[in-house]
Amino acid sequence: MDGVQQLDEIIPLLEVLIDDLRPEQLDDDTPCAKFTVNGVLEHMIGGASMFAPAFRGETTPSAVGSGSVQERWRDAMADLVGSVHVPGAQERTVASPFGDVPGAMFARYVAFDGLMHGWDIATATGQGYDPSDLLVADVDAFFRGLIKPEMRDGDTFAAETEPPADATPVERLAAFSGRTVPRTVGS
(Lines give C-alpha, C1' and ligand atoms only; values in the text may rest on other atoms or scores of the structure.)
Protein backbone atom coordinates (compact mmCIF):
# COMPACT_ATOMS: atom_id res chain seq x y z
CA MET A 1 0.00 0.00 0.00
CA ASP A 2 1.61 3.28 -1.07
CA GLY A 3 1.15 6.67 0.59
CA VAL A 4 -1.62 7.74 -1.76
CA GLN A 5 -3.59 4.56 -1.03
CA GLN A 6 -2.97 5.10 2.68
CA LEU A 7 -4.28 8.67 2.50
CA ASP A 8 -7.29 7.51 0.50
CA GLU A 9 -8.12 5.17 3.39
CA ILE A 10 -7.22 7.56 6.25
CA ILE A 11 -9.07 10.69 5.14
CA PRO A 12 -12.55 9.07 5.26
CA LEU A 13 -11.76 7.78 8.78
CA LEU A 14 -10.79 11.31 9.80
CA GLU A 15 -13.90 12.80 8.20
CA VAL A 16 -16.11 10.67 10.45
CA LEU A 17 -14.22 11.95 13.51
CA ILE A 18 -14.40 15.57 12.38
CA ASP A 19 -18.11 15.32 11.53
CA ASP A 20 -18.84 14.03 15.04
CA LEU A 21 -16.93 16.76 16.90
CA ARG A 22 -18.97 18.97 19.19
CA PRO A 23 -17.89 22.61 19.60
CA GLU A 24 -17.06 22.12 23.28
CA GLN A 25 -14.59 19.34 22.38
CA LEU A 26 -12.34 21.64 20.34
CA ASP A 27 -10.51 22.78 23.49
CA ASP A 28 -9.95 19.21 24.77
CA ASP A 29 -6.33 18.17 25.26
CA THR A 30 -5.06 15.39 23.02
CA PRO A 31 -2.33 12.77 23.51
CA CYS A 32 -0.21 14.89 21.14
CA ALA A 33 1.25 16.91 24.00
CA LYS A 34 1.34 20.32 22.38
CA PHE A 35 -2.13 20.29 20.79
CA THR A 36 -5.77 20.55 21.74
CA VAL A 37 -8.30 19.07 19.30
CA ASN A 38 -8.54 22.48 17.63
CA GLY A 39 -4.74 22.68 17.57
CA VAL A 40 -4.50 19.30 15.81
CA LEU A 41 -6.99 20.47 13.19
CA GLU A 42 -5.14 23.78 12.67
CA HIS A 43 -1.83 21.87 12.43
CA MET A 44 -3.29 19.60 9.77
CA ILE A 45 -4.76 22.58 7.87
CA GLY A 46 -1.41 24.36 7.97
CA GLY A 47 0.48 21.28 6.80
CA ALA A 48 -1.96 20.60 3.98
CA SER A 49 -1.81 24.21 2.80
CA MET A 50 1.99 23.95 2.57
CA PHE A 51 2.34 20.44 1.18
CA ALA A 52 -0.54 20.22 -1.31
CA PRO A 53 1.14 22.78 -3.59
CA ALA A 54 4.48 20.97 -3.25
CA PHE A 55 2.90 17.78 -4.60
CA ARG A 56 1.68 19.85 -7.58
CA GLY A 57 5.12 21.39 -8.12
CA GLU A 58 4.05 24.82 -6.85
CA THR A 59 5.76 26.96 -4.21
CA THR A 60 2.94 29.24 -3.02
CA PRO A 61 0.91 27.83 -0.09
CA SER A 62 -2.75 27.10 -0.76
CA ALA A 63 -5.29 29.59 0.52
CA VAL A 64 -6.95 28.21 3.62
CA GLY A 65 -10.35 29.86 3.22
CA SER A 66 -12.87 30.76 5.87
CA GLY A 67 -15.52 29.02 7.88
CA SER A 68 -15.40 26.75 10.88
CA VAL A 69 -12.26 24.80 11.65
CA GLN A 70 -14.04 21.66 10.48
CA GLU A 71 -14.98 23.31 7.14
CA ARG A 72 -11.44 24.61 6.63
CA TRP A 73 -10.05 21.17 7.54
CA ARG A 74 -12.27 19.50 4.94
CA ASP A 75 -11.21 21.99 2.25
CA ALA A 76 -7.52 21.55 3.11
CA MET A 77 -7.73 17.75 3.09
CA ALA A 78 -9.59 17.75 -0.24
CA ASP A 79 -6.81 19.91 -1.70
CA LEU A 80 -4.13 17.63 -0.24
CA VAL A 81 -5.72 14.41 -1.47
CA GLY A 82 -6.30 15.92 -4.90
CA SER A 83 -2.67 17.01 -5.00
CA VAL A 84 -1.18 13.61 -4.20
CA HIS A 85 -3.20 12.24 -7.14
CA VAL A 86 -1.78 14.77 -9.63
CA PRO A 87 0.31 13.02 -12.31
CA GLY A 88 3.97 13.22 -11.34
CA ALA A 89 3.28 14.04 -7.67
CA GLN A 90 4.91 10.84 -6.41
CA GLU A 91 8.08 11.44 -8.41
CA ARG A 92 8.34 15.17 -7.62
CA THR A 93 10.84 16.27 -4.96
CA VAL A 94 9.06 17.74 -1.94
CA ALA A 95 10.74 19.99 0.64
CA SER A 96 9.72 18.29 3.88
CA PRO A 97 10.49 19.12 7.52
CA PHE A 98 13.24 16.47 7.36
CA GLY A 99 14.75 17.47 4.01
CA ASP A 100 14.01 17.12 0.32
CA VAL A 101 12.38 13.76 -0.42
CA PRO A 102 10.45 12.09 -3.24
CA GLY A 103 6.72 12.77 -3.17
CA ALA A 104 6.02 9.06 -2.70
CA MET A 105 8.02 9.04 0.54
CA PHE A 106 6.46 12.24 1.78
CA ALA A 107 2.94 10.98 1.06
CA ARG A 108 3.70 8.09 3.41
CA TYR A 109 4.84 10.53 6.10
CA VAL A 110 1.67 12.60 5.64
CA ALA A 111 -0.33 9.36 5.99
CA PHE A 112 1.47 8.60 9.28
CA ASP A 113 0.70 12.12 10.51
CA GLY A 114 -2.97 11.79 9.59
CA LEU A 115 -3.29 8.33 11.11
CA MET A 116 -1.76 9.48 14.41
CA HIS A 117 -3.70 12.73 14.60
CA GLY A 118 -6.89 10.77 13.98
CA TRP A 119 -6.00 8.63 16.97
CA ASP A 120 -5.28 11.81 18.96
CA ILE A 121 -8.71 13.27 18.15
CA ALA A 122 -10.54 9.99 18.78
CA THR A 123 -8.79 9.47 22.11
CA ALA A 124 -9.39 13.05 23.25
CA THR A 125 -13.08 12.98 22.35
CA GLY A 126 -13.96 9.40 23.22
CA GLN A 127 -14.78 8.43 19.65
CA GLY A 128 -14.14 5.06 18.07
CA TYR A 129 -11.21 4.78 15.67
CA ASP A 130 -10.56 1.53 13.86
CA PRO A 131 -8.14 1.80 10.94
CA SER A 132 -7.48 -1.51 9.22
CA ASP A 133 -4.64 -3.65 10.53
CA LEU A 134 -3.08 -3.66 7.03
CA LEU A 135 -3.07 0.15 6.91
CA VAL A 136 -1.56 0.43 10.39
CA ALA A 137 1.07 -2.24 9.61
CA ASP A 138 2.14 -0.43 6.42
CA VAL A 139 2.31 2.98 8.13
CA ASP A 140 4.11 1.45 11.13
CA ALA A 141 6.77 -0.24 8.96
CA PHE A 142 7.47 3.02 7.14
CA PHE A 143 7.57 5.15 10.29
CA ARG A 144 9.87 2.83 12.23
CA GLY A 145 12.30 3.00 9.32
CA LEU A 146 12.07 6.79 9.12
CA ILE A 147 12.40 7.99 12.70
CA LYS A 148 15.91 8.66 13.92
CA PRO A 149 16.98 9.25 17.54
CA GLU A 150 17.68 12.94 16.84
CA MET A 151 14.03 13.37 15.78
CA ARG A 152 12.98 12.47 19.33
CA ASP A 153 13.63 15.97 20.56
CA GLY A 154 10.49 16.19 22.68
CA ASP A 155 9.01 18.62 20.16
CA THR A 156 8.80 16.69 16.90
CA PHE A 157 8.58 13.33 18.66
CA ALA A 158 8.93 12.37 22.29
CA ALA A 159 10.64 9.25 23.57
CA GLU A 160 8.86 5.99 22.88
CA THR A 161 6.38 5.03 25.61
CA GLU A 162 5.23 1.62 26.78
CA PRO A 163 1.75 0.73 25.50
CA PRO A 164 -0.65 -1.38 27.57
CA ALA A 165 -0.35 -5.14 27.06
CA ASP A 166 -3.72 -5.20 25.27
CA ALA A 167 -2.94 -2.23 22.99
CA THR A 168 -4.27 -2.27 19.46
CA PRO A 169 -1.85 -1.93 16.53
CA VAL A 170 -2.63 1.80 16.18
CA GLU A 171 -2.07 2.28 19.93
CA ARG A 172 1.31 0.54 19.66
CA LEU A 173 2.25 2.91 16.84
CA ALA A 174 1.08 5.86 18.95
CA ALA A 175 3.32 4.72 21.80
CA PHE A 176 6.25 4.32 19.43
CA SER A 177 5.68 7.88 18.22
CA GLY A 178 5.99 9.13 21.81
CA ARG A 179 2.36 9.39 22.87
CA THR A 180 1.09 8.04 26.16
CA VAL A 181 -1.56 5.43 25.48
CA PRO A 182 -4.25 5.33 28.14
CA ARG A 183 -4.68 2.05 29.97
CA THR A 184 -8.05 0.41 29.60
CA VAL A 185 -10.07 -0.57 32.63
CA GLY A 186 -8.73 -3.81 34.00
CA SER A 187 -5.29 -3.49 32.37
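Just above, that's the structure.
Residues numbered from 1 in each chain as written. Predicted model: local features only at pLDDT ≥ 70, side-chain atom pairs only at ≥ 80, totals over all residues. Heavy atoms only, no water.

Thoughts on the overall build of the protein chain
In terms of helices and strands, the protein chain carries 6 helices and 2 strands. Scaling as 2.2 N^0.38, a compact globule of 187 residues should have a C-alpha radius of gyration of about 16 Å, and the protein chain matches this with 16 Å. Along the three orthogonal principal directions, the C-alpha set of the protein chain runs to about 50 × 35 × 30 Å. A separation of at least 24 residues holds for 64% of the contacts in the protein chain among residues at least 6 apart in sequence. (Helix = DSSP H or I, 4+ residues; strand = E, 2+ residues; numbered from the N terminus. Rg over C-alpha atoms; globule rule 2.2 N^0.38 Å. Contact = heavy atoms within 4.5 Å.)

A look at helix α3 (residues 69-84)
In this model α3 runs 22 Å from its N-terminal to its C-terminal C-alpha over 16 residues, within 8% of the 22 Å that 1.5 Å per residue would give. Where α3 is concerned, the buried positions are Val69, Gln70, Arg72, Trp73, Ala76, Met77, Leu80, Val81, Ser83 and Val84. Across the axial projection of α3, the buried residues extend over an arc of 160°, all falling on one side. (Expected span 1.5 Å × (residues − 1). Buried < 20%, exposed > 50% of the residue type's maximum accessible area, 1.4 Å probe, protein only. Arc of directions from axis to C-beta.)

Let's talk about the nonpolar core
With 58 residues, the main nonpolar core has Leu41, Phe55 and Leu115 as its most contacted residues. Elements with a contribution of two residues or more to this core: α1 (3-19), α2 (37-56), α3, α4 (103-125), α5 (133-146) and α6 (169-176). Looking at which element gives the most residues to this core, the answer is α4, with 11 residues. In this structure Leu41 touches Ile18, Leu21, Leu26, Val69, Trp73 and Ile121, once residues within four positions along its chain are discounted. (Core = buried A, V, L, I, M, F, W, Y, C linked by side-chain atoms within 4.5 Å.)

A short note on the pairing of strand β2 (residues 99-102)
The pairing of strand β1 (residues 93-96) with β2 spans 4 bridges and is antiparallel. When the bridges of β2 are listed, Val94 appears paired with Val101. Counting the residues that bridge the hairpin from β1 to β2 gives 2 residues. (Pairing = 2+ DSSP bridges.)

Side note on the side chain of His117
In this fold, His117 is placed in helix α4. Within polar-contact distance, the side chain of His117 engages the side chain of Asp120 at 2.9 Å. For His117, the contacting residues outside a window of four places in its chain are Cys32, Phe35, Val40, His43, Met44 and Arg179. (Polar contact = N/O pair within 3.5 Å; in protein donor to acceptor, adjacent residues only side chain to side chain.)

Digging into the pattern of salt bridges
Scanning the model with the defined rule gives 8 salt bridges in all. Between Arg74 and Asp19 there is a salt bridge, and its shortest N-O distance comes to 2.7 Å. Here Arg74 is found in helix α3, whereas its partner Asp19 is found in helix α1, with 55 residues between them in sequence. Overall, Arg74 belongs to the partly exposed group, its relative accessible area being 32%. Under the relative-accessibility criterion, Asp19 is labelled partly exposed at 48%. Glu24 is paired through a salt bridge with Arg22; the nearest N and O atoms lie 2.7 Å apart. (Salt bridge = Lys/Arg side-chain N within 4 Å of Asp/Glu carboxyl O.)

Considering the environment of Leu80
Inspection of the secondary structure assignment puts Leu80 in helix α3. Measuring from C-alpha to C-alpha, the distance between Leu80 and Glu160 comes to 29 Å, with 80 residues separating the pair along the chain. Discounting residues that sit within four places of it in the chain, Leu80 has contacts with Ala48, Phe51, Ala52, Phe55 and Val110.

Points about α5
Taking 1.5 Å of rise per residue, 14 residues should cover 20 Å, and α5 covers 20 Å from first to last C-alpha, within 8% of that figure. Turning to α5, its buried residues number three or more, namely Leu135, Val136, Asp138, Val139, Asp140, Phe142, Phe143 and Leu146. Elements in contact with the buried residues of α5: α1, α4 and α6.

Quick word on the packing of aromatic side chains
Summed over all chains, the structure comprises 8 aromatic pairs. On the numbers, 6.1 Å between centres and 55° between planes, the contact of Phe112 with Phe157 is tilted. Residue Phe112 is located in helix α4, and its partner Phe157 is located in the loop between α5 and α6; the two are separated by 45 residues in the primary sequence. Under the relative-accessibility criterion, Phe112 is labelled buried at 1%. Under the relative-accessibility criterion, Phe157 is labelled buried at 5%. (Phe/Tyr/Trp six-rings, centres within 6.5 Å; stacked < 30°, edge-to-face > 60°.)

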